[in-house]
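A structural walkthrough
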Amino acid sequence: MAVHFYGNHIRISVLFLLMSLAFVNTWAQTQPIISGRVTDAKGAVLPMASVAVKSTSTGTYTDDKGTFTLNVKPGVLTLIVQYMGFETEEVKVDARKSQHLEISMHESGYNLGDVTITAKSNEQRLREGAYAVNALDIKSIASSVTNLNELVSRSSGVNLRTDGGLGSNFELSLNGLSGNSIRYFVDGIPLTSKGNGVNLSNFPINSIDRIEVYKGVVPSYLGGDALGGAINIVTKQEKKNFLDASVSVGSFHTYTGEVNAQIVLPKSGILVRPQLNIIHTKNDYKMHDVEVWNAETSQYETVTRKRFHDAYHHYMAQMEVGVEKKKWADVFLIGASYTKNDKELQTGTIQTIVYGKAERQEEAINLQAKYTKKDFLLKNLALNLYAGHTWDNSVTIDTTFHRYNWNGESKETSRNELTGRERSMRHYKRPTTILRGNVNYVFNEHHSLSFNYLMSRTGNRRFDTADDYYPYLKDTFEETNDLITRQTLGLSYEQSWMDGRWVNSFFVKDYVNHVSLEQEDIPSITGADKAEKNVTKNNVGGGIGTRFTIMEPLHVKLSYERAERLPLARELLGNGSTTYPNLLLRPEKSHNVNLGLFGNIKTGGMSHLYYEVTAFYRKVTDYIRLRVNDNDGTAQYENVSNVTTKGIEGEVRYSLGRWLQTTANVSFQESLDMNEFLENGSTSATYKNRVPNKPWLNSNLDLTLTKYDLFGQGDRLRFNTLYQYVHWFYLSWEGYGYLPAKARIPSQHMVNASLTYSWHQERYSITVSCDNVLDKLAFDNYKLQKPGRSFTAKFRLYLR
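Note that residues are indexed from 1 along each chain, following the sequence as it is written. Per-residue local features are limited, in this predicted model, to residues with pLDDT of at least 70; the limit for side-chain atom pairs, both in listing and counting, is 80 or more; totals at the level of whole chains, interfaces and linings are taken over all residues. The basis for the side-chain values is all heavy atoms of the structure; hydrogens and waters are excluded.

With respect to the overall build of the protein chain
Secondary structure summary: the protein chain contains five helices and 45 strands in total. The globule rule used for comparison is 2.2 Å times the number of residues to the exponent 0.38, while the radius of gyration itself is calculated over C-alpha atoms. Scaling as 2.2 N^0.38, a compact globule of 800 residues should have a C-alpha radius of gyration of about 28 Å, and the protein chain matches this with 27 Å. Considered along the principal axes of its C-alpha atoms, the protein chain spans approximately 80 × 60 × 55 Å. Accessibility here uses a 1.4 Å probe with only protein chains present; expressed as a share of the type maximum, an area under 20% marks a residue as buried, one over 50% as exposed, and anything in between as partly exposed. Residues classed as buried in the protein chain amount to 55% of the 800 residues present. Taking contacts inside the protein chain between residues at least 6 apart in sequence as the whole, the part at least 24 apart equals 65%. The method behind every accessible area is Shrake-Rupley, applied with a 1.4 Å probe, and residues are considered shielded solely by the protein chains displayed. Accessible area for the protein chain stands at about 35200 Å²; split by element, carbon and sulfur atoms hold 57% of it. Counting from the N terminus, the helices are the DSSP runs of H or I reaching at least four residues and the strands are the DSSP runs of E reaching at least two. Residues count as neighbours in contact if any of their non-hydrogen atoms are within 4.5 Å of one another.

Below, the structure written as structure tokens:
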């Protein structure tokens, strides 16, 4: 009923919005687009040339094909084009309509002229907006990237922890809020549209243009109910034919392959986009100081052993077919994708519990359609539509009655490995339907209005097929079919004043959540006997963002959101193996505030410095956290009634021409339990304790050195190294037990390095990388050991 009601409500709202805009603003004009290509006198493209509008802060850099695109104000303007070793070019442009330019530059000495400009990439302009956001340029360094998770973790305010090697579960933290509080998107569409088996660790790297990391306050166009922030993966939108293929081989028997391509038929406007991604690994890295039983001495001893049941296989294939540049559509695509994951399970949430046979298999098929039109019905009215359905299935196989140790030996028991119960082959079928509609209207250069609707409907049919192999189990598990439907409506209004020096964003969100439950097993653990079986709830949130430029070296921005996050299916309904359902789980609610200062400083010549400092505050009600049972490794999500997170982060970026870039950042946050009394009225022992198993101080230092035209024109040698520090933190609440004897995860120092050589204008490239160069013992979630020193070699072919 709620879905039907809000569907009608949305249609009426959109119709009213379109009629109002048509009546009031038919005079608005489309913003001209200036595009072009920059080459030398011989016609060779010049990547990373700066192109800027004279006497403004509008600018960009050319991509690896020497092309650029600028949105400018109507009128006559002058472009300033600069490139190291070439004379500065000034190009007058009639920008009363869109133009395409071919700009040829001439070599000179090391002279860039007397004109001072500020050319900013898309990523830089995003950082300098009203929101607290990091933007990571992936496209320009895709040849060098072998680990997307590691790249994202370099960003300020971000901490990423894994349960093990490639394919393991991971948890990403933004300013102290982590896990499922962070939502993931691909081009504004929830990443779950690809199936729950697709995430940052296996997403095709070469298909990405950039990654946007929103902290605390999330713009309404992303739609979802993100509480702690959002990760938006923006894919490449190439206009021409290309083939992008790569293969890599690495330590621990790791092999990956990726193919992305596009075929464009200009006369018909037909687009074909195939994609393939394959990952295989054994994850057989060494585990140090693990305990095994020595029968000769009749006592436990600490030894080093390899992981023996942790293989991971990932397959993803996608095909999109459609048309572009039609009167009725700028782009219309229909696509299908298939994803399959096979993962052996080596440990529970703590590494003292060892598995030897349990495994999880995931499979997803997605069908989708996308539609984009810029001038839809009216000038400056943009419409984006998405509809998709995913058949997402998983099975956890846990049928052996054996208990394993780190020697790979087993002893027969009377219980299964994961839950200590009967044999099981637990199936979860979670069909997901996602609908998204976004309407954006630009009144003029100062005002715009946007409406966004996102609906996600997820089923949860669970059943067990162990009785097909073990008949005595017949009728021991009751099949159920649950349903969760989420709808998020967002309306935002954008302002820009004083030639872009002052920008504002105002937004409101409406969250509608419908839950229908059937499962009733283990009520003492899951709360099935107390949970409402069929309920619809509605909540409203909203926020603001503002940024003011005092001068180019000093900008100030402030953002606030009253946010809400509804429990995910795996939090509410469990994962079918080690995580129990909690049917009484309540939504999280939070007040999120960011206050930041940033600026750009030109220190002369080709030297450039960027800095940013942000203070943040989060006050969360009913904070959802994972509670782990140390005895058997099982877990369950629970609410913590009152958690406050506050902290500060800072980042400095320095570049010297095109040959040196370095970034240093540090993040400090405190997530405190502010619930002074328990439900029975007694004083809480954890009052004002830090939330356990959560890093609170970390920093990164990143250095890149690049040499162009080393052996010939168009080649490049790039060296990158990263140092990461994580301060020690307690594994459990400080208020319980004797503090000096409490388990804690020690401080960690990690060094990674990579070397990439590319030639023929990035057509070919080879990368050799080393993670954990010093082979330091490092830990993550619940003191699970991370891999030691590892090597990866990657070859990439990019034809365009």
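Some thoughts on the sheet that holds strand β3 (residues 59-61)
For two strands to pair, DSSP has to find at least two bridges joining them. With antiparallel pairing, four strands are arranged side by side in an open sheet as β3-β2-β5-β6. With one partner strand each, in any of the chains shown, β3 and β6 (89-94) form the two edges of the open sheet. Taking the axes of each pair of neighbouring strands and ignoring which way they run, one obtains an average angle of 20° across the sheet. With four bridges connecting them, strand β2 (residues 50-53) and strand β5 (residues 76-82) associate as antiparallel partners. When the sheet's bridge partners are listed, Ala52 is paired in β5 with Ile80. Only the contacting stretch of a helix is used when fitting its axis, a line to C-alpha atoms as for every element, and angles between N-to-C directions run 0 to 180 degrees.

Details of the sheet that holds strand β13 (residues 189-190)
With respect to topology, five strands assemble into an open sheet ordered β8-β14-β15-β12-β13, the strand pairing being mixed. The open sheet has two free edges, formed respectively by β8 (133-137) and β13, since each of these has just one partner strand. One ladder, built from five bridges, connects β8 with strand β14 (residues 208-215); its direction is antiparallel. By the bridge assignment, Asn134 is partnered in β14 with Val213.

A look at the pattern of salt bridges
Side chains bearing opposite charge may pair, as long as their charged atoms lie close to each other. Salt bridges are defined by distance alone: a side-chain nitrogen of Lys or Arg within 4 Å of a carboxyl oxygen of Asp or Glu. For the structure shown, the criterion picks out 26 salt bridges. Between Arg37 and Glu102 there is a salt bridge, and its shortest N-O distance comes to 3.2 Å. Of this pair, Arg37 sits in strand β1 (residues 33-40) while Glu102 sits in strand β7 (residues 99-105), and the two are 65 residues apart along the sequence. Glu102 sits in the exposed class, given a relative accessible area of 51%.

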